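Structural features, examined
Spelled out, the chains give:
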Amino acid sequence: MAFTLLIVIIVLALLFDYINGFHDAANSIATIVATKVLTPFQAVVWAAFFNFVAYWVFGFGVADTVAKTANTMDINLVVILAGVIAAIIWNLLTWWLGIPSSSSHTLIGGFAGAAIAHAGLGVVNWYKAGGVGEMPTGVLVIAAFIVFAPFLGAIVSYSISIWLLHSAKKSIWPKLFTLAVMLATGLLVYYQMHSYDTIKHPRFESEFYSVIFESHNIKWFLVVIIIWIICIFNLIFSSLNQTQSTAWLRKMQLVSSASFSLGHGGNDSQKVMGIIAAAVIVYIHTSGHNLASLPDWLQVELPYKDANGEDVAGNMPTWIPLACYSAIAIGTLSGGWKIVKTMGSKITKVTPFEGVTSETAGALTLYFTEHLKIPVSTTHTITGAIIGSGVTKGVSAVKWGVTIKLIWAWVLTIPISALIAAIIYYVLSFFLG
């Protein structure tokens, strides 16, 4: 019975990942479709490709955070099953209504709600202080990013927009500022890179290739590429006429959209990886098996600190991330046109200028939060970024009525998902004993 439940959870979790793909496809493609840089079909293929490529870029930090939403020693598989079913229901409902709600928060809310129904409030990891140089974790931190993620996206997007607008002027000062940004970014990334000696599991025998293709380093290379492309454009912006600058911005949108799709894939796929990992660990705990007795494909172990306080990476069988990244990419290929309309036109009118600034800001925000192992909403992030770009044209350029409705959907997602999950848990417990 327990093994059957585990398989059902894995299948439904991947189904949720697929739904997440077409539910959140709009996050990656709305602006690039609205500006007609790509057709809808071209855009979803573009986004789906980079959703999958994220498999080689991001680690498992967010997955670990999601897996530890509730204490896996105090719950059972019915809890996880109820949480996943609730998340699927809420995602499909908001997709049908064309509301860009958070797939991330509905999954967290569903998991937490079912866990509370099973063992009370104490089973949920509400808040845990981080170690030296680490962010605190827990459901309260994730909930706080309902506000912080779109706010950060808006601030970054607004800053990039103002930077671009000043660079259009024939003045030396914006160019000097841009050169300073290029230098500062290069130095920041250089000091963030992992050397060969610090890489625990090199991918190649060659030291050079191991450093270049280390997932942590690839992510920081992307940060340099994204920011330096903006910088190069800013250096020549004042010498371009309107037609030339628009043509450049349309090309740059291909890069910004791809960058955001990478962040979307890396952030959202990890959440499902975390749920599957939690399910396997609960199965091991409740079935009486030990890790060594299980087949290789179930050898899941979450990161932990050993007796000496050293970080142990844990283990994630390759099929789990591969299946999750594949599911979200296939889901993105299915599209989500109702939400595309909301994101691409109802918040503010989007031009290639707003497309580049909002997607770039969204991508950088997702890379930053993933680095901190915080599962944030890609929906909230890109919405905030679009608002930040729109505000540069005046506060009235943003359709605040639509925005307020979206914010209400964001605030209600976790509690409603938790309530649905609790009800489903009680129903499943009645029938499954």
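How each quantity is defined
Residues numbered from 1 in each chain as written. Predicted model: local features only at pLDDT ≥ 70, side-chain atom pairs only at ≥ 80, totals over all residues. Heavy atoms only, no water. Phe/Tyr/Trp six-rings, centres within 6.5 Å; stacked < 30°, edge-to-face > 60°. Helix = DSSP H or I, 4+ residues; strand = E, 2+ residues; numbered from the N terminus. Buried < 20%, exposed > 50% of the residue type's maximum accessible area, 1.4 Å probe, protein only. Core = buried A, V, L, I, M, F, W, Y, C linked by side-chain atoms within 4.5 Å. Polar contact = N/O pair within 3.5 Å; in protein donor to acceptor, adjacent residues only side chain to side chain. Expected span 1.5 Å × (residues − 1). 1 Å grid on protein atoms, 1.4 Å probe; cavity = no way out; pocket = protein on both sides within 12 Å on 5 of 7 lines; lining within 4 Å. Points joined across faces, edges and corners; volume = space filled by probe spheres on them.

1. Points about the packing of aromatic side chains
Counted according to the given criterion, the structure contains 19 aromatic pairs. Ring plane angle 80 degrees and centroid distance 6.3 Å describe the contact between phenylalanine 3 and tryptophan 297, whose orientation is recorded as edge-to-face. Taken together, the residues phenylalanine 3 in helix α1 (residues 2-23) and tryptophan 297 in the loop between α11 (242-287) and β1 (304-305) connect sequence positions 294 residues apart. Its relative accessible area of 37% is what places phenylalanine 3 among the partly exposed residues. Look at phenylalanine 49 and phenylalanine 50: their rings are 5.0 Å apart centre to centre, the planes differ by 85 degrees, and that puts the pair in the edge-to-face class. With relative accessibility at 51%, the residue phenylalanine 49 sits in the exposed group. The exposure class of phenylalanine 50 is buried, given its relative accessible area of 15%.

2. Points about the nonpolar core
Counting 104 residues, the largest nonpolar core has Ile75 and Ile80 as the members making the most contacts within it. Ranked by residue count, the leading element in this core is α11, at 17 residues.

3. Topic: the side chain of asparagine 20
In this structure, asparagine 20 sits in helix α1. Residue classification places asparagine 20 among the buried residues on the basis of a relative accessible area of 2%. Engagement of the side chain of asparagine 20 in a polar contact is seen with the side chain of aspartate 268, the distance being 3.3 Å.

4. What to know about helix α3 (residues 40-53)
One turn of an α-helix holds 3.6 residues; hence residues three or four places apart share an orientation. An ideal rise of 1.5 Å per residue puts 20 Å on 14 residues; α3 measures up with 20 Å between its terminal C-alpha atoms. Of the residues making up α3, those classed as buried are Ala43, Val44, Ala47, Ala48, Phe50 and Asn51.

5. Some remarks on the layout of surface pockets
The calculated volume of the second largest pocket comes to roughly 490 Å³. What lines the second largest pocket is a set of 21 residues, among which Val156, Leu188, Val223, Ile227 and Leu364 lie closest to the centre. Looking at the lining of the second largest pocket, the elements that each hand over two or more residues are α7 (139-167), α8 (172-192), α10 (215-237) and α14 (352-371). A per-element tally of the lining of the second largest pocket places α14 first, with 6 residues.

Shape is all these values report; function is a separate question.
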